[in-house]
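Geometric and topological summary
Each chain is listed here by its residues.
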Amino acid sequence: MSGLFNTFNIVKRGMQAQQTALHVISHNVANANTEGYSIQRANLKTSQPFGMPSLTTAAEPGQLGTGVLVDSITRSRDEFLDYYIRKETSTLENYKVREQFLSTIETIFTEPSNTGIATLLTNFWDAWQGLASNPESQAQRELVRSNAEALCNGISHNYKQLEDLEVNIADLIQNQIFEVSSILKQISDLNQQIKAVTIGGKNPNDLMDKRDLLLDKLSERFAIEIEKTDYNGIKIYAKDISNQVPGVLLVSDSSIVNNFYYVNDISFELSDKTINKNNFPATISSDSLPLEATVKGYKNGDINEEFKLTVNINDIEELKKYFNIEQNDENIKILNIMPHILIGDDVENSNPINFSNGSLKGLESLSFEINDYKKQLNNLARGLAISVNTIHSGNTSSDGINFFNSEVENSDIAAKIISIDQKIKENLDNISANKQGTFIGNGERALLIGQLRNTRFNLLGLQSREDFISSVNLNFDEMKMTSNNSGTTIDNYFKATISQLGVSNQEAKRMVKNQENLVDQLVIRRESVSGVSLDEEMTNMLQFQRAYEANAKMISVIDELLDLVVNGLIRR
C-alpha cells in the first residue's frame, strides 16, 4: 500500500543501499595497491513492488515500487586472462631460470678472455713449439711444465665450479618444493573457507582473490590445470611432460591429495662398494641389473621430514626413472640423479614427475645441460691426455714416461683429476722433446705434440691410445701423423662447446624478453578489468554520495508532511 510511511521505508532502503555501495568503494580505494586484489562492485536491484489489488490491498494505478536493495557484491575477474597469464608465466619462469644459470656458466668459462681455457691451450701448444726449437733449454721445459699445470688447473677448476652449480640447483629445487607445499596448504585451507562462505549464500571475494594470487605464484613453479567444483571449490593438477590430461592431482576441493618428495641422494651396493651421488658419474656393467637402491630425501622439501625409500631397479627403463644415464652395449654410465622430485600420497606409492614448464622444469633441464658441459670437459681432458701421452711416451701402454697422469685416460671424471705426471713434476729432464727422449736431437717429439693444435682426430670416439694412433695414422719411427678430416681439433672442440653455450644463453635471453612482453601485456589487460582506478572510484563515490544526500533530503520532506498531517490538522 502507498503512503508516507511506505515512502519512508523506500528512503531508508535507498540510504542503506547507497551506504553499502560507498562501503564497497572505500574497500576498493583502501586496496588500490594490494597485490592480487580485484575491484568489487555493489550490484543494486529494485525491491519487490506491491502486487495486484486483493481483499487486503487497495487498487493502485499500477505496481508501486518499494525502493532498492543490494543484490550482491561481486568482484571483476576475467578467468580467461587468468588462465593465459598463468600459462605464459610458467614459460617465462622456465626461461628466466635457464638464462640466469646459463649466464653463470658463461662466467665460469670466462670466454673469451686471457685466463680462459682457450688461452691456456694456446699457451700450452706455444710452449711445446718453443721447446721444439730449443730442446736443450731448461727454461723452455719449465715453460712447458708451468703452462701445462695452468691448463690442468683451469680445466679442473671449471669442472669443480660446474659441480658446485649442480649442488646449488639441487638446493634451489628443494627450496622451491618447500615453497610449493606451503602454497598448496594455504590453497587447501582457503578452499574450505570459500566453500563455507558460499554455502552461506555469500560471495567470498577477498578469499578468492587470495587464492587466485597463490595460484599465480604456483604457476611460476610449474604448469597447472584448474578444475572447478561445487561452491567455488577447485581442484589443482600439475601438468607433467607425458602430457597426461589434466595432469597429476595435487589438491582436491579442501584436501591435499599428493605430496612432493625431494630426492637428495640415491645409493646402491656394487661389488662390495657403496655408490651414491658423490661417486657420479659412475660406470656400471649392464649385468649389474637388477639392483636394489635406497632413495633418501625430504618430504615436501622440509629438512625436518626425512624419508628413506627402497626401490628395486630391474631394467634400463626403471633406471631412467631415477637417473640421467648414457648406455652402450656393455656399460651404463650414471651421470646424476634425475629427476629430483617424486610425487604421491605416500612415499611408498610415489613416482618421479617431470614438470612440463615453470622454474622447476627449467632447473631440471639445467641439470642435464650442466652434465653435457661436464661431459665435454671430460672429453677434452681425456683427448688431451691420450694424445699427448701417446706421443710423449712413444707407446700404447702407460709404462713409459707419460706427460699427464695416465688415470685421466680412463676416468669418468677426467676433467676433475687431470694433472701432470709425478715424474714430470719431479724432474724436467723427463719431458721428452726429441725422438729418443734425450737432450740430443732436433725436438721432433715436442714439435709433433705442438702440431696437435691443428691436428684433427676422432676426439668423441677416443677411448684408448690405439684409437688415437689409428685415427691420425701416427708413425713413431718417422714422427709423423695425418690429420683426420672427419674429426676435430682439441681447440675447435672446446670452441664449439663455448659456441653452444652462447647460443643456448642467447636463446634463453630472447625467450625471456618475448615472454616478459607477452605477460606484461596480459597483466595490463587484466588490470584494466580487475585493477582499481582511483579516478573511477572517486567518480562513483560522488555519485553514491549525492544519492545518499538526496535520500536524506527525502526524509526531511516526509517529516514535514507528517508534521502537517498530525499537528496541522489538530490546530484546525
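Just so we're clear, the structure is a prediction, and the values are computed from it rather than from any experiment.

1. Brief notes about unusual backbone geometry
A cis amide bond links Phe280 to the next residue, Pro281, at an omega of 5°. Checked against the element boundaries, Pro281 lands in the loop between strand 8 (273-275) and strand 9 (282-285). For the bond running from Leu289 to Pro290, omega is 0°, close enough to zero to count as cis. Phi is positive for Asp272, close to 60°, though the residue is something other than glycine. Relative to the elements of secondary structure, Asp272 occurs in the loop between strand 7 (259-270) and strand 8. Although it is not a glycine, Asn300 sits at a positive phi angle of roughly 55°. Tracing the chain through its elements places Asn300 in the loop between strand 10 (291-299) and strand 11 (306-313).

2. Quick word on the packing of helix 7 (residues 358-393) against helix 11 (residues 465-472)
Where helix 7 meets helix 11, the axes come as close as 9 Å, and the angle between the chain directions of the two elements is 85°. Looking at the two axes, helix 7 sits roughly perpendicular to helix 11. On the side of helix 7, the interface is formed by Ile386, Ser387, Asn389, Thr390, Ile391 and Ser393, while helix 11 contributes Arg465, Phe468 and Ile469. Of the residues in the contact of helix 7 with helix 11, the class split is 4 nonpolar, 4 polar and 1 charged.

3. With respect to the sheet that holds strand 4 (residues 234-238)
Spatially, the 4 strands line up as an open sheet ordered 3-4-5-6, and their pairing is antiparallel. Two strands close off the open sheet at either side, each with one partner strand: strand 3 (224-228) and strand 6 (255-256).

4. A look at helix 7
Over its 36 residues, helix 7 extends 52 Å from the first C-alpha to the last, a length consistent with the 52 Å expected when each residue adds 1.5 Å. Burial within helix 7 is extensive, with 32 of its 36 residues counted as buried. A positive phi of about 75° marks Gly394, the residue just after helix 7.

5. Examining the nonpolar core
Counting residues in each nonpolar core, the largest one holds 96 residues, and the members touching the most others are Phe124, Phe222, Ile236, Phe260, Leu384, Phe403 and Phe468. Per-element accounting of this core gives the leading share, 18 residues, to helix 4 (residues 138-199). When residues no more than four places from it in sequence are discounted, the contact partners of Ile236 are Leu184, Ile187, Leu215, Leu218, Ile224, Glu225, Ile226, Val248, Leu249, Leu250 and Val251. Ile266, Ile275, Val295 and Phe307 belong to the second largest nonpolar core, which has 26 residues in total.

6. Some remarks on a nonpolar patch on the surface
Judged by side-chain polarity, Val29, Leu534, Met538, Met541 and Leu542 come together as a nonpolar surface patch covering roughly 370 Å² of accessible area. Top element by residues in the nonpolar patch is helix 13 (residues 534-571). It accounts for 4 residues. Among the secondary structure elements, Met541 is positioned in helix 13. Overall, the relative accessible area of 30% leaves Met541 in the partly exposed class.

7. A closer look at the pairing of strand 11
Here strand 11 shows a buried face lined by Phe307, Leu309, Val311 and Ile313 and an unburied face lined by Glu306, Lys308, Thr310 and Asn312. Looking at chain direction, strand 10 and strand 11 are connected through 8 bridges and run antiparallel. Bridging from a neighbouring strand, Thr294 pairs with Thr310 of strand 11. In this structure, the hairpin formed by strand 10 and strand 11 is closed by a connection of 6 residues, where Asn300 is found at a positive phi of approximately 55°.

Reading the values: rules and limits
- Residues numbered from 1 in each chain as written.
- Predicted model: local features only at pLDDT ≥ 70, side-chain atom pairs only at ≥ 80, totals over all residues.
- Heavy atoms only, no water.
- Helix = DSSP H or I, 4+ residues; strand = E, 2+ residues; numbered from the N terminus.
- Axes fitted to C-alpha atoms, helices over the stretch in contact; angles between N-to-C directions.
- Parallel < 35°, antiparallel > 145°, perpendicular 65-115°, else oblique.
- Contact = heavy atoms within 4.5 Å.
- Nonpolar A, V, L, I, M, F, W, Y, C, P; charged D, E, K, R; others polar.
- Pairing = 2+ DSSP bridges.
- Expected span 1.5 Å × (residues − 1).
- Buried < 20%, exposed > 50% of the residue type's maximum accessible area, 1.4 Å probe, protein only.
- Core = buried A, V, L, I, M, F, W, Y, C linked by side-chain atoms within 4.5 Å.
- Patch = residues over 30% accessible without salt bridge, like charges linked within 9 Å, V, L, I, M, F, W, Y side chains within 5 Å.
- Areas by Shrake-Rupley, 256 points an atom, 1.4 Å probe, with all protein chains shown as cover.
- Salt bridge = Lys/Arg side-chain N within 4 Å of Asp/Glu carboxyl O.

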